[in-house]
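Listed below, chain by chain, are the residues.
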Amino acid sequence: MKNLESLKKRGIPIRKLNTVMLIVAIFVSLILFVAMQMTNSIYNETKDATSKLLTLRKDAYNLQIASDYLTEQMRCFVVSGKKLYLDNYFKEAFETKRRENS
């Protein structure tokens, strides 16, 4: 209690106050720097995942289109019996290869 009374009378030295404020500022800066690095890392991971998702979505769409085309050509051949549809099917399956490229 006596120390508290003497501290109230004399006050806190500016040098000690500056030192404490400097230590607190450095500590807060380090915390903010670490948080910034973590946020940057999460952002980059999210960006990469989104890029992969868009690529996979595009590939899945192309696969579906090619598969639908092959199915349509085979269905038309079975219904009409025209060789054109069979040629289109084999041309897509063995030359264009959209499904395999997807």
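Preceding this section is the structure that the text describes.
Along each chain, numbering runs from 1 in the same order as the chain's sequence is written. Totals for whole chains, interfaces and linings use all residues, but because this is a predicted model, local features are given only for residues with pLDDT of at least 70 and pairs of side-chain atoms are given and counted only at 80 or more. Side-chain calculation: all heavy atoms of the structure are included, whereas hydrogens and water are not.

A.B. asks: Could you clarify how one ought to interpret the side chain of Q73 in this entry?
C.D. replies: Within the fold, Q73 resides in helix 2 (residues 14-80). The contact partners of Q73, leaving out residues within four places of it in the chain, are Y85, N88 and Y89. Comment: elements are numbered from the N terminus, with helices defined as DSSP H or I runs of at least four residues and strands as E runs of at least two. Between two residues, a contact is recorded if the distance between any of their heavy atoms is within 4.5 Å.

A.B. asks: Where do I start with a nonpolar patch on the surface in this structure?
C.D. replies: Like charges are joined within 9 Å and nonpolar side chains (Val, Leu, Ile, Met, Phe, Trp, Tyr) within 5 Å, but only among residues with over 30% relative accessible area and no salt bridge; these make up the patches. Note on areas: Shrake-Rupley with a 1.4 Å probe; residue coverage comes only from the protein chains shown. We define a salt bridge as a contact between a side-chain nitrogen of Lys or Arg and a carboxyl oxygen of Asp or Glu at a distance within 4 Å. A contiguous nonpolar surface patch, about 570 Å² in accessible area, is contributed by V20, V24, F27, V28, I31 and L32. Locating F27 in the fold gives a position in helix 2. Here F27 falls in the exposed class, since its relative accessible area comes to 54%. Exposure is judged per residue with a 1.4 Å probe applied to protein chains only, and the accessible area is read against the type maximum: over 50% gives exposed, under 20% gives buried, and values in between give partly exposed.

A.B. asks: Even after reading the chapter, I still don't get the pattern of salt bridges, so can you show me in this structure?
C.D. replies: Where charged atoms from two side chains of opposite charge approach closely, those side chains can pair. Counted by the stated rule, this structure contains two salt bridges. The residue E72 makes a salt bridge to R75 at a minimum N-O spacing of 2.7 Å. With E72 and R75 both in helix 2 and three residues apart, the pair spans about one turn of that helix. A relative accessible area of 34% places E72 in the partly exposed class. Judged by its relative accessible area of 45%, R75 is partly exposed. A salt bridge links K83 to D87; the nearest nitrogen and oxygen atoms lie 3.1 Å apart.

A.B. asks: Looking at this structure, I do not really get the side chain of E92. What am I missing?
C.D. replies: Within the secondary structure, E92 sits in helix 3 (residues 83-96). Setting aside anything within four residues of it in sequence, one finds E92 in contact with A66, Y69, L70, K97, R98 and R99.

A.B. asks: Where do I start with the packing of helix 2 against helix 3 in this structure?
C.D. replies: Relative orientation and spacing of two packed helices are given, respectively, by the angle between their axes and the distance between those axes. Axis geometry follows a simple rule: fit a line to the C-alpha atoms, using only the stretch in contact for helices, then measure angles between N-to-C directions, giving values from 0 to 180 degrees. Packing of helix 2 against helix 3 brings their axes to within 8 Å, and their N-to-C directions diverge by 155°. One element, helix 2, and the other, helix 3, form an angle in the roughly antiparallel class. Every pair of crossing elements has a handedness; the one defined by helix 2 and helix 3 is left-handed. Between helix 2 and helix 3, the residues in contact are A66, Y69, L70, Q73, M74, C76, F77 and S80 and K83, Y85, L86, N88, Y89, E92 and A93, respectively. Our angle categories are set so that under 35 degrees counts as roughly parallel, over 145 as roughly antiparallel, 65 to 115 as roughly perpendicular, and the remainder as oblique. By the definition used in this description, the sense in which the near helix is turned from the far one sets the handedness, with an anticlockwise turn below a right angle giving left-handed and a clockwise turn giving right-handed.

A.B. asks: Even after reading the chapter, I still don't get the packing of aromatic side chains, so can you show me in this structure?
C.D. replies: Classification of ring pairs uses Phe, Tyr and Trp, with its six-membered ring standing for Trp, and accepts pairs whose centres are within 6.5 Å; under 30 degrees between planes counts as stacked, over 60 as edge-to-face, and the remaining range as tilted. Overall, the coordinates contain two aromatic pairs when judged by the stated rule. When the centroid spacing of 5.4 Å and the interplanar angle of 85° are considered together, the rings of Y89 and F90 count as edge-to-face. A relative accessible area of 23% places Y89 in the partly exposed class. What makes F90 partly exposed here is its relative accessible area of 38%. Note on F90 and F94: the rings are 5.8 Å apart at their centroids and 5° apart in plane angle, and the pair reads as stacked. Here F94 and F90 lie together in helix 3, a separation of four residues that amounts to about one turn.

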